[in-house]
Structures are given as structure tokens and as C-alpha cells.
Amino acid sequence: MDLLGLLDHAFMRHALLAGAFAGVCCSLAGVFAVLMRLTFIGVCLAHAAFAGGLLAMVFGLDPLVGALALSLGSAAVIGPMADRGDVSPDTAVGIVFSAMLGVAILCIGLLPGSRAEALGLFWGNILTVSARDVWLLGGTALAALAALGLFFKEIQAVACHREIAAAAGLPATAIFYGILCFTGVTVTACLPSVGGLLVYSLIINPAAAAYQLTYNLRRMFLLAAALGVASCEAGLLLAARFDLPAGASIVLVSSALFVVCATLSPKRRDRAVRT
């Protein structure tokens, strides 16, 4: 198949743009998840967005509106539950995840007729994204980059050590909740293209790969974004060339990039020297 000829098709141009924007959004959210040791939050909010989309479908509403509402609602619950309850953040994430999984299964049972649209939310299909989906992803990526550029020092302090940031007078709790909400928005924006099941891998793999390559947080964000975009674009081109499922190709490429980065990691060499 002529890969350059694919650019003549609007669906492929939309897919490549959506992949680039999704790669940036997911990888930036993933850096926070990796640094704050909340890697399970991606799958939790993905299931919350999926459950919200299904709930909206049950009531005849726009699935993206329901996905955004429930993912943001879940993010808003996780923070206070971890702060005010006698549970760790990962335990709070697990509790919300199990509740969202129950809501999703219940809504699937309540859906009348075909479940094809519901499965579309679960698996996603980047080759059928609309112009609205591309604009949503682009806006999310632009907002994330702008916030990161304006408040990098504050975000760095909270992501690296929240308690010290709070002791220094920074609004650490508000920034932490903002990070959780940004992750929820990212997952929702990626739902039509990557799907609720695969978005978790796109959040974690590029960020974890970038973490292997540098100690510098600014460089880590840049590397994660670059690896996220590379995963999406390479996965799309491989899918087009060999007639493979696009979402699975993207995730497998991101996994392969992590293996390469982990193998070449200077941190691995540093640990070997210390031992």
C-alpha cells in the first residue's frame, strides 16, 4: 500500500492528527502518573469515562458528555478520598475503579438493541475519528502544554514531593487535583480514537520509557511527548501497511519503545556501577 497516497484521504489525515495530539496528551498525563506512583489511575479513569459514555447512551445523551462528567467526577473523588480517608492514593484509585467497572457492566445490560456503539467506546477506532474529535484532542494538548509552560515550577514541586511543596506555601492540593482532572479530560478526549481499554497503555508506556532516559523533569516531559507521538504515528503507518488493527499497533509500538529505552537506560548503567 502506498503510504504517501494515504494522505489523500481525509480519514487518514484525521487519524494522524488525532494520533499526534493523543500522544502528547497521554504522555504528559503519564509523566505525572509515573512520578507520583499512580500508574493505575489511567485504567481507573478510562473505565470511568467508558462507564460515563455508556450511562449517557442509556439516557440518549452524547457519550462524550457522559464520559467527561464521570471521569472528572471520579478524579474529584480520588483526591479527597486519599487525603481525608485512611487509605493510600492507590487504594482510593482501586475503590473508584471497582465502582466504575460495576457501573459500566450495569449500563451494558441496560442498553437496548445493538451494543456496537458501546464496544466502539471500549476499543476505539482512530481511523474513524471525526473533525470534532481531532479538535477536542488538539485543544486538550494545547491547554496541557500551556499550563505546563506557565506553572512548570509549581507542577514540578508537587509532582516530585507534594508534602514539601505544601510546606513551602504552594497550593499543592489544588495542583494535585488539577493533575487528576487533566488526566480525566485526557482519557475522555482519547476515548473515540484510542478507546477505554488501550488508552491506559498510551498513558503509561511513553512516560515510563522517558523515565528510563533522563533525570531531568523538563527533558522527561519532552521525551515522553516525542515517544507518545512516535508510537501513534508509527502504529498507524504499520497498521495501514500490514492491514492491522490500529489501536493494537499503537500500543505494541509504545511497548517496544519502552523495551528499547529500558535496555539503553543510563539509569540502568548507574545502578550497575553502584552495585
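Report follows, based on the coordinates. Predicted model, so just to flag it, every value in this text is computed and none were measured.

A word on the environment of Val24
Within the secondary structure layout, Val24 lies in helix α1 (residues 10-35). Residue Val24 is classed as buried on the basis of its relative accessible area of 14%. Separated by 178 residues in the primary sequence, Val24 and Leu202 have C-alpha atoms spaced 9.8 Å apart. In this structure Val24 touches Ala141, Leu145 and Val229, once residues within four positions along its chain are discounted.

Structural notes on the layout of surface pockets
Of the pockets and cavities examined, the largest pocket occupies roughly 300 Å³. Along the walls of the largest pocket sit 15 residues, with Ala144, Ala147, Ile155, Gly178 and Phe182 positioned nearest its centre. If you list the elements that add at least two residues to the lining of the largest pocket, you get α1, α6 (131-150), α7 (152-160) and α9 (172-190). Grouping the amino acids of the lining of the largest pocket by side-chain chemistry returns 12 nonpolar, two polar and one charged.

Quick notes on unusual backbone geometry
Positive phi is not limited to glycine here, since Asp243 has a value of about 55°. Positionally, Asp243 belongs in the loop between α11 (217-242) and α12 (246-263). Residue classification places Asp243 among the exposed positions, given a relative accessible area of 72%.

Quick word on α1
Residues lying three or four places apart along an α-helix face the same way, a consequence of the helix completing one turn every 3.6 residues. Under the 1.5 Å per step criterion, the end-to-end length of α1 is 38 Å for 26 residues, consistent within 8% with the ideal 38 Å. Summarising burial for α1: 19 of the 26 residues are buried, a large majority. Positive backbone phi, approximately 55°, marks Arg37, located one or two places after α1.

Things to note about the packing of aromatic side chains
Counting across every chain of the model gives four aromatic pairs. Between Phe32 and Phe221, the aromatic rings sit 5.5 Å apart at their centres with planes inclined by 65°, giving edge-to-face as the arrangement. One end of the pair, Phe32, is in helix α1; the other, Phe221, is in helix α11, with 189 residues separating them in the sequence. Taking the relative accessible area as the measure of exposure, Phe221 reaches 3% and is therefore buried. Ring centres 6.0 Å apart and planes at 50° place the aromatic pair Phe176 and Tyr177 in the tilted group. Aromatic ring contacts, followed pair by pair, group Phe32, Phe152 and Phe221 into a single cluster.

What counts as what
- Residues numbered from 1 in each chain as written.
- Predicted model: local features only at pLDDT ≥ 70, side-chain atom pairs only at ≥ 80, totals over all residues.
- Heavy atoms only, no water.
- Helix = DSSP H or I, 4+ residues; strand = E, 2+ residues; numbered from the N terminus.
- Buried < 20%, exposed > 50% of the residue type's maximum accessible area, 1.4 Å probe, protein only.
- Contact = heavy atoms within 4.5 Å.
- 1 Å grid on protein atoms, 1.4 Å probe; cavity = no way out; pocket = protein on both sides within 12 Å on 5 of 7 lines; lining within 4 Å.
- Points joined across faces, edges and corners; volume = space filled by probe spheres on them.
- Nonpolar A, V, L, I, M, F, W, Y, C, P; charged D, E, K, R; others polar.
- Expected span 1.5 Å × (residues − 1).
- Phe/Tyr/Trp six-rings, centres within 6.5 Å; stacked < 30°, edge-to-face > 60°.

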